[in-house]
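# Secondary and tertiary structure notes
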Amino acid sequence: MPEPLVPPNAAKRPVTFTRHGHVRTDEYSWLRAENWQEVMRNPAALDPEIRAYLAAENAYFAACMTDTEGLQETLFKEMRGRIKEDDSTVPAPDGPYAYATRYVEGGQHQLFVRTPREGGPEEVLLDGNALAEGRAYFRIGGVSHSPDHTKLAWAHDDSGSEFYLVSVRDLASGHDLADQIADTSGGAVWSADGRHLFYVRLDANHRPSRVYRHRLGTPASDDVLVYEEADPGFFVGLGKTQSRRFIVIHAHDHETGEARLIPADEPEAEPVLVAPRERGVEYSVDEGNGTLFILTNLDAKDFRIVTAPVASPGRASWADLVPHEPGRLILGHDVLARHLVRLERVEGLPRIIVRRLSDGAEHAIGFDEQAYSLGLMGGYEFDTDWLRFTYSSMATPARVFDYHMETRERVLRKEQEVPSGHDPSLYVTRRILAPAADGELVPISLLYRKETPLDGSAPCLLYGYGAYGIVIPAAFSVSRLSLVDRGFIYAVAHIRGGKDKGYAWYESGKRAHKANSFTDYIAAAEHLVAEKITSRGRIVAQGGSAGGMLMGAVANMAGDLFAGVIAVVPFVDVLNTMLDETLPLTPPEWPEWGNPAESAEDYHAILAYSPYDNVEAKAYPPLLVMAGLTDPRVTYWEPAKWVARLRALKTDDNLLMLRTNMEAGHAGAAGRFDALKETAIEMAFALKVTGNT
């Protein structure tokens, strides 16, 4: 597929770096704006030369995709037609009210609403559409009502940089108070008296490192520093136990955690450390009836749940409640007045286990499909026997159930509506296993129409991620149906680096073992070919963020497997980023990738796979690269540099396009319909490169 126009040609300005005796040359380091922190807050501050280059790439992308504009519009209308435009969540009861979110017909953003618990007129607490009016970008972060239901703390980001402004709304008048707190991580937690807010402030390098306490009616400049994290490699987060008795400060990186508790009714009390951090030990805390319930991997690779008295929370008091069981990965837990609920994975599939606290009796909530997704929804209330959870599969729209943990009554509260129509019986969802080179079996979730031929002729979109232990669920998506209904097979490769098959699956896809993620993905693609599900050169690879690194690596390693590659906000300049400790995520990411600044071994391990550093003078498949200018997670210059080097070195005439959203960050467009337009671009590219337009 020859490129129809002359693409932009980024200037080469070689800069040489030496580390651990190794010399590298970077011709495109100039694309990294020296004032990147300012650009995150004010995109207009971007260097005009860099802006001109990104604009030229955007113009080239638009020209190359002109022939798909009609298709993009068709795809967008299809996907929008599958969305219930006036959709709403199931109301969650809390005291005298039930809280929910909903959309209005044609609206891009959510409304936050409540009704009297026993029924009555709806009250709109926050109208996202009205707040977003006139803004190029707008995203609401955390929203939480005060314990007395008179106020609402809410946060918003108006640039995509994830610097959130917290405001406080008086619900009687509908107006925001003078209290405003800038540069937060996106949410706030109330004290029990509703007179104080706790929040996390981002530092100059965009790291959530400090917890502050704000007293309503006082200026933010008077806020009290409650906790400051000294280690730049740790993130700080805030939460509250389900019982609402404690505010939880959690400091963590990707393999170590530490928690502190503040009584919610004593907001000025000093935080109490649960257990001091120990490298490689993770734990998270909930509380019920004076007992801490702690999920930890201490002496338990796949995690266990222990208990400890609130008065003596340290490790010496930890006692097994749910012992470690190898191969059963406990993902999360909720504590209610009379029950402990845990979400776990066994043999790659999730399940929900309910435990009665009085006698330890347990039962599982069962499901029938081969591959599916489960989620615990939590709630506001503690003294309840009802549990709310979600269920979906790749063929079955999402369902919300309320489940009585004693009677085992299961009440369907909501089923995702597809206004344009959806018949699950027309689709097949299944799970197959691909043999990796070392004998491991890589699960692949599949979705396709029943009439789709399995003779190798069907095109396939193969999605992959494989990092941070994140599990990719076999969940329902209305958007992917547009590909599947056009004859595509949609596949998810559950590669190492995620926890899809337990914690060991994660460990064997990180740091020195990172290459397993890439070879697993290639093995999955080759297995799909061997099983005649698709054919070599008929597969479109897709991944984003750390999954974008995967895309860059497999394009370097096995480009001829693929009809095209879609890399969304791709983390591709791995070595340079991991050497730059001023960037937001670099120190916290060292446990995941290694620290190449200190370790020659880590340096050479990353150098061996970093997509940007391994671009060669050879043929590459067609590539669509999506980026965001104000992205603090994968900075815009990573994909820009990668595309520039690919264009300079590759020996083919295949499409290579970079599209940078100049008004958004890591998550792309904020409005639900604008986001669908970006999805339509990616799908149009997949259809274009496979000849299915």
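Everything below is about the structure printed above this text.
Given the structure is predicted, the values throughout are model-derived calculations rather than measurements. (Residues numbered from 1 in each chain as written. Predicted model: local features only at pLDDT ≥ 70, side-chain atom pairs only at ≥ 80, totals over all residues. Heavy atoms only, no water.)

### Some remarks on the overall build of the protein chain
A tally of helices and strands in the protein chain yields 13 helices and 38 strands. At 25 Å, the protein chain has a C-alpha radius of gyration in line with the 26 Å of a compact globule built from 693 residues. Taking the principal axes of its C-alpha atoms as reference, the protein chain extends roughly 65 × 55 × 50 Å. Here the protein chain holds 693 residues, and 58% of them are scored as buried. In the protein chain, once contacts between residues fewer than 6 apart in sequence are set aside, the share between residues at least 24 apart is 57%. Roughly 26,100 Å² of accessible area belongs to the protein chain as shown, and the carbon and sulfur atoms make up 50% of that amount. (Helix = DSSP H or I, 4+ residues; strand = E, 2+ residues; numbered from the N terminus. Rg over C-alpha atoms; globule rule 2.2 N^0.38 Å. Buried < 20%, exposed > 50% of the residue type's maximum accessible area, 1.4 Å probe, protein only. Contact = heavy atoms within 4.5 Å. Areas by Shrake-Rupley, 256 points an atom, 1.4 Å probe, with all protein chains shown as cover.)

### What to know about the packing of aromatic side chains
How two aromatic rings sit relative to each other is given by the distance of their centres and the angle of their planes. Summed over all chains, the structure comprises 19 aromatic pairs. Taking the centre distance of 5.8 Å and the plane angle of 65° together, the rings of Tyr99 and Tyr380 count as edge-to-face. In this pair, Tyr99 sits in strand β4 (residues 97-102) while Tyr380 sits in the loop between β27 (373-376) and β28 (386-392), placing the two residues 281 residues apart along the sequence. By relative accessible area, which is 6% here, Tyr99 ends up buried. Judged by relative accessible area, which is 33%, Tyr380 ranks as partly exposed. Considering the side-chain rings of Phe571 and Trp593, the 5.6 Å spacing of their centres and the 65° angle between planes classify their relative orientation as edge-to-face. Placement of the pair is Phe571 in the loop between β36 (562-568) and α9 (574-579) and Trp593 in helix α10 (residues 586-593), with a sequence separation of 22 residues. Overall, the relative accessible area of 6% leaves Phe571 in the buried class. Members of the aromatic cluster, joined through ring pairs, are Phe367, Tyr372, Phe389, Tyr391, Phe401 and Tyr403. A cation sits over an aromatic face here: Arg80 above Phe673, 3.8 Å from the ring centre. For the cation-ring pair, Arg672 lies above Tyr103, with the distance from its terminal atom to the ring centre recorded as 3.9 Å. (Phe/Tyr/Trp six-rings, centres within 6.5 Å; stacked < 30°, edge-to-face > 60°. Lys NZ or Arg CZ within 6 Å of the ring centre and 35° of its normal.)

### Here's the deal with the environment of Glu282
Mapped onto the secondary structure, Glu282 falls in the loop between β18 (272-273) and β19 (283-288). Judged by its relative accessible area of 18%, Glu282 is buried. Placed 23 residues apart in sequence, Glu282 and Ile305 show a C-alpha to C-alpha distance of 12 Å. Ignoring any residue separated from it by four or fewer positions in sequence, one finds Glu282 in contact with His254, Glu255, Thr256, Gly257, Leu295, Thr296, Asn297, Phe303 and Tyr503.

### Some points on unusual backbone geometry
Unlike most non-glycine residues, His149 shows phi in positive territory, near 65°. By the element assignment, His149 lies in the loop between β7 (139-145) and β8 (151-157). For Glu162, which is not glycine, the phi torsion reads 70° and is therefore positive. Position of Glu162 among the secondary structure elements: in the loop between β8 and β9 (164-170).

### Digging into the nonpolar core
Proteins that are soluble and globular tend to have nonpolar side chains buried together. Within the largest apolar cluster, 127 residues are counted, with the highest numbers of intra-cluster contacts made by Leu54 and Tyr521. Broken down by element, this core gets its largest block of residues, 10 residues, from helix α13 (residues 672-689). The contacts of Leu54, once residues within four sequence positions are left out, are Leu46, Leu629, Tyr636, Ala640, Leu658, Thr660 and Met662. (Core = buried A, V, L, I, M, F, W, Y, C linked by side-chain atoms within 4.5 Å.)

### Points about the side chain of Glu255
By secondary structure assignment, the location of Glu255 is in the loop between β16 (246-252) and β17 (257-263). In contact with Glu255, not counting residues within four places along its chain, are Arg279, Gly280, Val281, Glu282, Lys510 and Pro591.

### Focus: the pairing of strand β21 (residues 304-309)
Taking burial as the measure, the six residues of β21 include five buried ones, the bulk of the element. Where strand β20 (residues 291-296) meets β21, six bridges bridge the pair, whose relative direction is antiparallel. Note that in β21 the partner of Leu295 across the bridge is Ile305. Across three bridges, β21 lies against strand β22 (residues 319-322) in antiparallel orientation. Bridging from a neighbouring strand, Thr307 pairs with Ala319 of β22. (Pairing = 2+ DSSP bridges.)

### Some points on the sheet that holds strand β23 (residues 328-335)
With antiparallel pairing, the four strands of this open sheet are ordered in space as β23-β24-β25-β26. Of all strands in the sheet, those bounded by a partner on one side alone are β23 and β26 (362-365). Geometrically, the sheet is characterised by an average inter-axis angle of 25° between neighbouring strands, direction not taken into account. Examined bridge by bridge, strand β25 (residues 349-356) and β26 share four bridges and lie antiparallel to one another. By the bridge assignment for β26, Ile353 is matched with Ala364. (Axes fitted to C-alpha atoms, helices over the stretch in contact; angles between N-to-C directions.)

### Some details on the sheet that holds strand β29 (residues 399-404)
Taken in spatial order, the four strands of this open sheet run β27-β28-β29-β30, and their pairing is antiparallel. The strands lining the two open edges of the sheet, one partner per strand, are β27 and β30 (410-415). Direction aside, the axes of adjacent strands within the sheet are offset by 25° on average.

### Focus: α10
The buried count for α10 comes to eight of eight residues, which makes it a mostly enclosed element. Taken residue by residue, α10 has Thr586, Pro587, Pro588, Glu589, Trp590, Pro591, Glu592 and Trp593 as its buried positions. Where the residues of α10 are buried, they touch β15 (235-240), α6 (503-507), α8 (546-558), α9 and α11 (600-609). One or two positions beyond α10, positive phi appears at Gly594, with a value near 105°.

### Quick word on the packing of helix α3 (residues 69-81) against α13
At a minimum axis distance of 8 Å, the contact between α3 and α13 shows a crossing angle of 125°. By the angle between their axes, α3 is oblique relative to α13. As for how α3 packs across α13, the hand of that crossing is right-handed. Only Phe673, Leu676, Lys677, Thr679, Ala680, Ile681, Met683, Ala684 and Leu687 of α13 make contact with α3, whose side of the interface consists of Leu71, Gln72, Leu75, Phe76, Met79 and Arg80. Residue composition of the contact of α3 with α13, by class: 11 nonpolar, two polar and two charged. (Parallel < 35°, antiparallel > 145°, perpendicular 65-115°, else oblique. Left-handed = near helix turned anticlockwise from the far one by under 90°. Nonpolar A, V, L, I, M, F, W, Y, C, P; charged D, E, K, R; others polar.)

### Quick look at the pattern of salt bridges
Taken as a whole, this structure holds 55 salt bridges when the rule is applied. Here Glu229 and Arg277 are joined by a salt bridge, their closest N and O atoms 2.7 Å apart. In this pair, Glu229 sits in the loop between β14 (224-228) and β15 while Arg277 sits in the loop between β18 and β19, placing the two residues 48 residues apart along the sequence. Judged by its relative accessible area of 8%, Glu229 falls in the buried class. Two residues, Arg536 and Asp560, come together in a salt bridge whose shortest N-O distance is 3.5 Å. With Arg536 in the loop between α7 (515-530) and β35 (539-544) and Asp560 in the loop between α8 and β36, this residue pair connects regions lying 24 residues apart in the sequence. You can call Arg536 partly exposed: its relative accessible area is 43%. Residues joined in a network through salt bridges with shared partners are Glu325, Arg328, Arg342, Glu344, Arg351, Arg355 and Glu362. (Salt bridge = Lys/Arg side-chain N within 4 Å of Asp/Glu carboxyl O.)

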